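# Coordinates in review
Residue-level listing of the chains:
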Amino acid sequence: MSTTIEPRPATPPPGPPRGMTAARGLVVGVLTAGVALGVAHLVAALVNPAADPVLAVGSVAVDMVPQAVKAFAIRTFGANDKIALLAGVYTVLALSAVPLGAAALRRRRYGLAGLAAFAAAGVAAVLSRPTATPLDVLPVLVGTGVGTAVMLVLVRAAGSMVVSGSGRPRLLNRRQFLATAAGAALTAGATATIGQAVGRRSAVGARSRAAVRLPSPAQPAPPLPGGVSAGVDGVSPFHTPNRDFYRVDTALTVPQVDLETWRLTVDGSVDRPRTWTFDDLVARGLVERDITLNCVSNEVGGPYVGTARWTGIPLAPLLREAGIRAGQNQLVSRSVEGMTIGTPLEAILDGRDALLAVAMNGEPLPLEHGFPVRMLVPGLYGYVGACKWLTSMKVTTFDAFDPYWVQRGWAADAPVKTASRIDTPKPFAQRRAGPVMVAGVAWAQRRGITAVEVQIDDGPWRQARLADGPSPDLWRQWTYRWDATPGSHTLRVRATDATGATQTDERAAPFPDGATGWHSTTVAIT
Ligand SMILES: Nc1nc2c(c(=O)[nH]1)N[C@H]1C(S)=C(S)[C@@H](COP(=O)(O)O)O[C@H]1N2
Ligand SMILES: [Mo]
């Protein structure tokens, strides 16, 4: 019996240099993911934009992230929080694509298994959306299919690059690999770009909106006194232009509603459930109201508040006609993309101007603000009274159903807290000594603002001058003429509402029912 011992080669068999393996893994992984996502994006644009797996994963993240993270994201990125989130999803995807590519180069089936895992995650994300249909898995499946083909082609091209032999590895078909990679990169870019374009062109919401012709309101807004504007530069205009109106929602793509198929249903514990078309609703007659809307997430001094002239259908009579059964206390609105918002029925029925709004500042609701119909209940934060892209309203009880934000710990009943904000001077502004106009807005919807006071450093509180306040549901501008002396100064503001209550200086975060505290700003006087 003899044993043969293979002679150990003097040098290890030449493989590709290490750096090159990593680079090829990166190319294979990123291009595979890029093509899969680009194709998925294109297919989603054709079937349902919200079925884009990246958006679906982003939406899952929006729904799942803890309150503290969400608050941090809003504080840090403000109105760009959605872009930041999607950038995060892409970063995670890119980072995990590299090991995917490396695995595929080692063994084809590792790569296939990795892709299958991604596809499974994508399908799970897409199907977890509240309005998902089985068709929504199509973008992920087609994207993964094409991605798989691209991965296999790239792996083969990469494999033919290196010819083992003696001496230096020869790069045989480097050109072929690069050409294949370039082809894949082009495919990824082209499908993504075409997807974007198709998405824009098929923007059925924009087309529907462009075709809307609204009759003039049967009840125009009560005339505003000339003095609602203090006429000071730097104060928020009394009516916030639509393009400047804050936007807060969980929708990563703006829902596109086709008016042909859109319906609004009223059901739940009512005697006469009913379904409305847009034209039926509008035919009930429109009223026009100036109403200030704000978000519970607004920090003290923050930007999430605005006033618009809204046109809409009075909500209370419509619900009464449906016949609200005894013992009900919550109206749950549902939007086309699955948001649920719960409003106390009492707030809708107590005589205030609760509206199904169809127009904002004289034009059909902008898509971002809820086209074709949104709810508005003066005196309540948006998350309990202002469902956008509304499609159904269910009469129920608070015991029976927790809407979206309440499931996440926010208060079920959230009347607006009294607040005031210094709009000018801006923080760290530099001004000359002498008269300086300090000015801003204050709001306490349903109650109205009766006083605003300003404090300079630790001096006494001084009365600000109030601009006209024709309705308790509107914010009120205020001004204070300050004789500024050189140095650094802190300005503070606080408001008093019509119940006589003055804002507390106790700082509270927005969660769970709205921020409290005095807004202050520091300025330099020279
Ligand atoms: N469908 C839907 N409606 C929604 C929301 C949402 O996320 N989805 N956000 C609510 C919140 S928190 C606020 S403050 C208001 C904001 O309305 P705006 O974006 O028109 O200013 O819309 C409310 N309606
Ligand atoms: Mo909000």
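Residues numbered from 1 in each chain as written. Chains lettered and ligands numbered in written order. Predicted model: local features only at pLDDT ≥ 70, side-chain atom pairs only at ≥ 80, totals over all residues. Heavy atoms only, no water.

Take the pairing of strand 12 (residues 390–396) next. For a regular strand, the rule is simple: side chains alternate between the two faces of the sheet. Among the seven residues of strand 12, five are classified as buried, and the element is accordingly described as predominantly covered. Bridging between strand 3 (residues 264–268) and strand 12 involves four bridges; their strand directions are parallel. Bridging across to strand 12, Gly268 finds its partner in Val395. Where strand 7 (residues 330–335) lies against strand 12, six bridges are found, and the strand directions are antiparallel. Along strand 12, the bridge assignment pairs Arg334 with Ser392. (Buried < 20%, exposed > 50% of the residue type's maximum accessible area, 1.4 Å probe, protein only. Helix = DSSP H or I, 4+ residues; strand = E, 2+ residues; numbered from the N terminus. Pairing = 2+ DSSP bridges.)

Domain boundaries in the chain define domain 1 (18–202), domain 2 (242–407) and domain 3 (419–525). With 21 residues of domain 2 at the interface, the matching set in domain 3 holds 17 residues. A buried area of about 1,500 Å², summed over both sides, lies between domain 2 and domain 3, and 58% of it is on carbon and sulfur atoms. On the domain 2 side of the contact with domain 3, Thr292, Val300 and Val305 bury the most area, a combined 33% of that side's loss. Between the two partners, domain 2 and domain 3, sit six residue pairs in polar contact (both at pLDDT 80 or more). Counting residues per element, the ones that place at least two in the side of domain 2 that touches domain 3 are strand 5 (287–294) and strand 6 (305–314). Considering every element that reaches the side of domain 2 that touches domain 3, the biggest residue donor is strand 5, with five residues. In the side of domain 2 that touches domain 3, the residues fall into nine nonpolar, nine polar and three charged. (Domains from an automatic or database assignment. Contact = heavy atoms within 4.5 Å. Buried area = accessible area lost by both parts, 1.4 Å probe. Polar contact = N/O pair within 3.5 Å; in protein donor to acceptor, adjacent residues only side chain to side chain. Nonpolar A, V, L, I, M, F, W, Y, C, P; charged D, E, K, R; others polar.)

Let's shift gears to the packing of aromatic side chains. Throughout the structure, instances matching the rule amount to eight aromatic pairs. Taking the centre distance of 5.8 Å and the plane angle of 80° together, the rings of Phe245 and Trp310 count as edge-to-face. In this pair, Phe245 sits in the loop between helix 8 (204–210) and strand 3 while Trp310 sits in strand 6, placing the two residues 65 residues apart along the sequence. Both residues of the pair, Phe245 and Trp310, belong to the buried class. Taking the centre distance of 4.8 Å and the plane angle of 80° together, the rings of Tyr404 and Trp405 count as edge-to-face. You'll find Tyr404 and Trp405 in the same group, each marked buried. Here the aromatic cluster, defined as three or more aromatic residues joined through ring pairs, consists of Phe245, Tyr246, Tyr304 and Trp310. The side chain of Arg274 reaches across the aromatic face of Trp276, ending 3.7 Å from its centre. (Phe/Tyr/Trp six-rings, centres within 6.5 Å; stacked < 30°, edge-to-face > 60°. Lys NZ or Arg CZ within 6 Å of the ring centre and 35° of its normal.)

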